[in-house]
Amino acid sequence: MARRFPADIPPVPRALSALLVTALAVLLAVSPSVPSGALPEADPAIVRAMLSPGTLPLIPFAPVTAPATGGAVLTQSQHDDLADRVAEIIDHSGARAGIAVQDLRTGATFSHGAQEGFATASVAKLMITAMLVLHARDEGRDLTAAEQSQVEAMIRYSDNDVANGLYARIGYNPGFAAGAERFGFTGTEPHPNGVWGGTLTTPADQVRLLRALYTEEGPLTADERAHIRGLMESVAPEQAWGVSAAAGPQDVVGLKNGWTPRDFDHGRWVVNSVGYVAGPERQYLIAVMSDGNSGYDTGVALVEALAAEVTATLEDPPGDRPAGHLSR
């Protein structure tokens, strides 16, 4: 994602928004390039104390059908074929992964492992930011200049020290849990020792967060949403991989990624990417989470392969496309 775009995203029409709310309620059941540049440093606090993947409540899934205004609503056969390709991509990687995608043009959704719990790594910083905004509003104020600077460092450059301080600012684990409830999360749990990067979440909940940032239905105001999206759309270039693999040259991309090795998992990597892609031909919310990757590069390749494969199929369902083939 070499280009940067403004955060002024056109709102989702209210009629379609209502349809998408219904779609999300029955959701969220459901390829590669490697970024250039030096390997980013792992989140040190997360390396020291990450939870093993836990068992979280399941969220019912049913395929969504809606009048198409762009993109495609998959038939059951097309959905099943895509599910097989996604499973093959994950199996071939040797890692564990989950993905949730919502096409805001049609209401169509696709997910695979969207109810499974994954450690967030730095993806938690997006939740912390949204909760901090609500925390400030509860106190009858906007973010201070210092807080705005800290949030920018945390989202654009993934600053861990800043995240430590802001996690305490929102009220540590109790404050995070209260914020999770306000955003309607159903499978997100803070780390018992307060390690924000060890927070367990699901791809389904991350799409819920994206909806709160992208549509009018969540607890955030239009100005608050625009501020956070602006940060997501201007992350450091070396951190702009992931869901951006689903984007075309004219698209707006906003994202937050997370990555770290875990000692208890023999140094295998958590690699996650959460964000949106919007432009003339596509409008997607995408959450891809993975663990057990053999390395950072292989994890990024897996995340990008899944994001590209699913969105390419929603745009142009194949009759008989071989696994791993990308139309974009």
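Right above here is the structure, for reference.
The residue numbers shown here count from 1 along each chain, following its written sequence. Local features are withheld for residues below a pLDDT of 70 in this predicted model, meaning they are given only at 70 or higher, and side-chain atom pairs are given and counted only at 80 or more; totals for whole chains, interfaces and linings count all residues. Note that water and hydrogens are dropped before the side-chain values are worked out from all heavy atoms of the structure.

Side note on the packing of helix α4 (residues 124-138) against helix α7 (residues 172-182)
Move 1: One way to put it is that α4 packs onto α7 with a least axis distance of 10 Å and a crossing angle of 90 degrees. Comparing their axes, α7 and α4 come out roughly perpendicular. For the pair α4 and α7, the contacting residues are M127, M131, L134 and D138 in the first and F176, G179, A180 and R182 in the second.
Move 2: Residues that form the contact of α4 with α7 fall into these classes: five nonpolar, one polar and two charged. Inter-axis angles, ranging from 0 to 180 degrees, are taken between N-to-C directions of lines fitted to C-alpha atoms, where helices are fitted over the stretch in contact. Counting from the N terminus, the helices are DSSP H or I runs at least four residues long and the strands are E runs at least two residues long. In these notes the angle categories are as follows: under 35 degrees is roughly parallel, over 145 is roughly antiparallel, 65 to 115 is roughly perpendicular, and the rest is oblique. A contact between two residues is defined here by any heavy atoms of the two lying within 4.5 Å. In this classification, the charged set is Asp, Glu, Lys and Arg, the nonpolar set is Ala, Val, Leu, Ile, Met, Phe, Trp, Tyr, Cys and Pro, and all remaining amino acids, among them Gly, are polar.

Concerning helix α5 (residues 145-156)
An α-helical turn contains 3.6 residues, so any two residues separated by three or four positions project in the same direction.
Move 1: Take the number of residues in a helix, subtract one, and multiply by 1.5 Å to get its expected span. Given a rise of 1.5 Å per residue, twelve residues ought to cover 16 Å, and the 16 Å separating the end C-alpha atoms of α5 matches this to within 8%.
Move 2: Summary of the burial criterion: residues with accessible area below 20% of their type's maximum are buried, those above 50% are exposed, and those between are partly exposed, where the area comes from a 1.4 Å probe applied to protein chains only. Listing the buried residues of α5 in full gives E147, V151, M154 and I155. Angular distribution of buried residues about the axis of α5 spans 85 degrees; they occupy a single face of the element.
Move 3: As for α5, its buried residues are in contact with α4, α6 (160-169), α9 (222-232) and β5 (252-262). Throughout, the arc means the angular range of directions from the helix axis out to the C-beta atoms.

Some remarks on the pattern of salt bridges
Move 1: Criterion for a salt bridge: a side-chain nitrogen of Lys or Arg within 4 Å of a carboxyl oxygen of Asp or Glu. By the definition in use, this model includes 17 salt bridges.
Move 2: Across the salt bridge formed by E315 and R282, the nearest N and O atoms sit 2.8 Å from each other. Placement of E315 in helix α10 (residues 296-315) and of R282 in the loop between β6 (268-278) and β7 (283-293) is noted, with a sequence separation of 33 residues between them.
Move 3: Given a relative accessible area of 23%, E315 falls into the partly exposed group.
Move 4: Linked through salt bridges whose partners overlap, the residues forming this network are R96, E116, R262 and D291.

Things to note about the environment of R282
Move 1: When its relative accessible area of 7% is taken as the criterion, R282 is described as buried.
Move 2: Separated by 178 residues in sequence, R282 and L104 place their C-alpha atoms 8.4 Å apart.
Move 3: Polar contacts, as used here, are pairs of N or O atoms within 3.5 Å; protein pairs need one atom able to donate a hydrogen and one able to accept it. Residues neighboring in sequence count only if both atoms are side-chain atoms. Separated by 2.6 Å, the side chains of R282 and D251 make a polar contact.
Move 4: In terms of polar contacts, R282 uses its side chain to reach the side chain of E281, at 3.5 Å.

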